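The lines below spell out each chain.
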Amino acid sequence: MKTFHIITIGCQMNKSDSERIASYLENLGFILAEERPKADLVIITTCGVRASAENRIFGLIPRIRQENPAVKIVLTGCLSKREDIKRRVGNTVDAWMPIGEFSILDSMISGQYPISNIQYSGELRSGEYLNVTPKYSSKHSAYIPIGNGCDNYCTYCVVPYARGREVYRSADDILKEVKGLVEKGYKEINLIAQNVNSYRYDENTRKNANDLSREHADKVDFVDLLKMVNDIPGNFWVRFSSSHPKDMSDELIKILPQLTKVCEHIHLPAQAGDDDVLRVMNRNYTIEYYKALIKKIRQAVPGAAITTDIIVGFPGETREQFANTLKLFKEVKFDMAYIAQYSPRPGTAAEKFDDNVTKEEKKKREEELTAVLRKTAFENNRKYLGKTVDILVEGKNRRGKWFGRTRTDKNVEVKSDKLETGNGEFIRVKITEVRDFGMKGEVI
Ligand code: SAM
Ligand code: SF4
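Rules behind the numbers
Residues numbered from 1 in each chain as written. Chains lettered and ligands numbered in written order. Predicted model: local features only at pLDDT ≥ 70, side-chain atom pairs only at ≥ 80, totals over all residues. Heavy atoms only, no water. Core = buried A, V, L, I, M, F, W, Y, C linked by side-chain atoms within 4.5 Å. Buried < 20%, exposed > 50% of the residue type's maximum accessible area, 1.4 Å probe, protein only. Domains from an automatic or database assignment. Contact = heavy atoms within 4.5 Å. Helix = DSSP H or I, 4+ residues; strand = E, 2+ residues; numbered from the N terminus. Pairing = 2+ DSSP bridges. Right-handed = clockwise from strand over helix to strand, strands pointing away. Near = heavy atom within 4 Å. Nonpolar A, V, L, I, M, F, W, Y, C, P; charged D, E, K, R; others polar. Buried area = accessible area lost by both parts, 1.4 Å probe. Salt bridge = Lys/Arg side-chain N within 4 Å of Asp/Glu carboxyl O.

Draft legend 1. Geometry of the nonpolar core. By size, the foremost hydrophobic cluster in this structure holds 74 residues, and its most contacted members are Leu191, Tyr199, Phe222, Leu226 and Phe240. Viewed by domain, this core spans two of them, domain 2 (131–263) and domain 3 (265–383), each represented by three or more residues. When neighbours within four sequence positions are excluded, Tyr199 is seen to be in contact with Ile146, Tyr168, Arg169, Ser170, Ala171, Ile174, Val220, Asp221, Phe222 and Leu225. Ala22, Tyr24, Leu25 and Val132 belong to the second-largest nonpolar core, a separate cluster that totals 22 residues.

What follows is the structure, encoded as structure tokens:
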């Protein structure tokens with residue numbers, strides 16, 4: 001029996017891809033090796049969004065080889081089609097597997113080594129690999145990709161090149177996957193795509209609409225999909241991400257209060273707080289529009305947590321333009337933000353721009369934004385003191401304490417050592433302590 005191990009770098013989409021690769025390999029007779037040196041085959045699901053993520057593979061590959069010289073290494077994910085990476089890594093990798101092109105694994109298993117030049121047979125059409133049932137890494141929370149790829153071409157971003165054009169799964173397949181999980185007792189369903197709001201169920205996927213009503217058979221958008229997921233009977237929460245501000249419709253915002261399973265947390269990447277920077281980033285919205293969206297969300301869903309992604313030090317971003325991002329942070333009062341220092345990406349439009357904000361200045365801007373974020377997050381969390389909230393228990397943290405997340409995605413450490421229920425259960429807690437990025441509570 002052959003064994004495999006998977007290393008995943010990057011986002012939820014990569015984690016989900018790895019879960020599908022794991023089940024594909026198990027179907028081929030492989031078994032999972034928890035310890036990497038014991039694996040005959042190591043898959044690396046790579047990330048190319050920033051240079052720091054990309055660079056991780058250069059140290060990793062020789063380490064894996066050193067641990068087990070006979071190991072076969074397959075590189076997939078965002079770097080799998082990058083010629084510059086292939087040149088750099090050379091023969092130290094046994095195969096390059098473009099995202100979803102699992103038939104490469106069949107060729108490998110049938111013994112065709114070296115397989116670096118094996119061509120994809122085209123058996124799974126782009127996006128169809130998402131219908132491979134994953135080996136879910138959690139027993140209570142699952143990522144469900146509703147599509148893959150991106151058509152937006154933000155000038156800094158490598159995703160449209162790495163993952164290709166947008167492809168969406170049929171609503172029928174998505175609903176089937178969610179229903180199956182809910183029946184197994186899953187409590188959290190995370191619908192994911194690069195831009196969930198551009199979900200559409202079009203000509204290519206319509207043929208799969210076997211158990212959809214006629215009303216839905218010719219056109220399903222994200223609002224329809226979310227309603228249908230919400231209507232699945234059972235006790236579970238629904239989350240979705242990422243939402244591109246330009247595609248978040250009023251219809252979606254209006255329907256949110258009626259969708260009782262959909263959590264009160266919206267991740268809405270702003271990327272910058274300045275209109276000129278946004279224009280050069282090709283984001284297609286203004287800050288006025290972004291703030292109006294936040295206002296509408298907060299009116300529709302009072303108390304909703306709002307989180308964002310921000311890039312600091314985009315080429316040409318002046319101190320004044322950055323000050324507008326600081327202003328946005330002070331006004332919107334985000335609950336959390338993923339702040340990234342701009343990193344030039346090969347093949348993107350911005351690669352040709354002058355990366356003229358120094359490393360030190362990028363770091364300083366990141367720190368300044370983080371300081372504002374800590375204050376606003378703490379202010380928001382203070383409103384929870386003394387309140388009773390439901391959390392979904394996720395496990396034990398490093399201190400050996402049970403913890404979980406609220407519907408608003410707040411991390412809550414549970415004070416008692418013993419829980420009647422455990423991992424993957426809903427419990428009710430009273431919040432007794434708050435910090436900027438976490439809280440503590442007592443079981444009710
Ligand atoms: N589709 C999502 C959206 O538009 O918000 C984001 C997907 S992207 C994989 C995740 C985040 O990485 C982005 O929101 C952005 O903040 C960050 N990112 C992408 N390219 C970057 C770059 N070249 N340098 C720094 N951060 C980058
Ligand atoms: Fe990248 Fe922009 Fe697409 Fe998000 S919307 S994946 S940032 S190109």
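Draft legend 2. Seen up close, the pairing of strand β3 (residues 41–46). Of all the six residues making up β3, six are buried; the element is thus mostly covered by neighbouring parts of the structure. Going residue by residue along β3, you find Leu41, Ile43 and Thr45 tucked away on one face and Val42, Ile44 and Thr46 tucked away on the opposite face as well. With six bridges joining them, β3 and strand β4 (residues 72–77) adopt parallel strand pairing. The residue bridging Thr45 from the neighbouring strand is Thr76, located in β4. Read from β3 through helix α2 (residues 51–67) to β4, the crossover connection turns out right-handed.

Draft legend 3. Examining the site of ligand 2 more closely. If you check the shell around ligand 2, you find Cys150, Asn152, Tyr153, Cys154, Tyr156, Cys157, Val159, Pro160, Gln194, His244 and Arg283 and nothing else. Residues of the shell around ligand 2, tallied by class, amount to seven nonpolar, three polar and one charged.

Draft legend 4. Representation of the domain arrangement of the protein. Along its sequence, the protein is organised into domain 1 (3–117), domain 2 (131–263), domain 3 (265–383) and domain 4 (388–443). A C-alpha centroid distance of 33 Å is found between domain 1 and domain 3. Every contact between the two is made by seven residues of domain 1 and, on the other side, five residues of domain 3. Between domain 1 and domain 3 lies a buried interface of about 400 Å² when both sides are counted; carbon and sulfur atoms form 49% of it. Considering only the side of domain 1, the residues that lose the most area to domain 3 are Arg50, Ala51 and Arg82, jointly responsible for 68% of the buried surface there. On inspection of domain 1 and its partner domain 3, the count reaches one salt bridge. The partner of Glu54 in a salt bridge is Arg345, with the nearest N and O atoms 2.5 Å apart.

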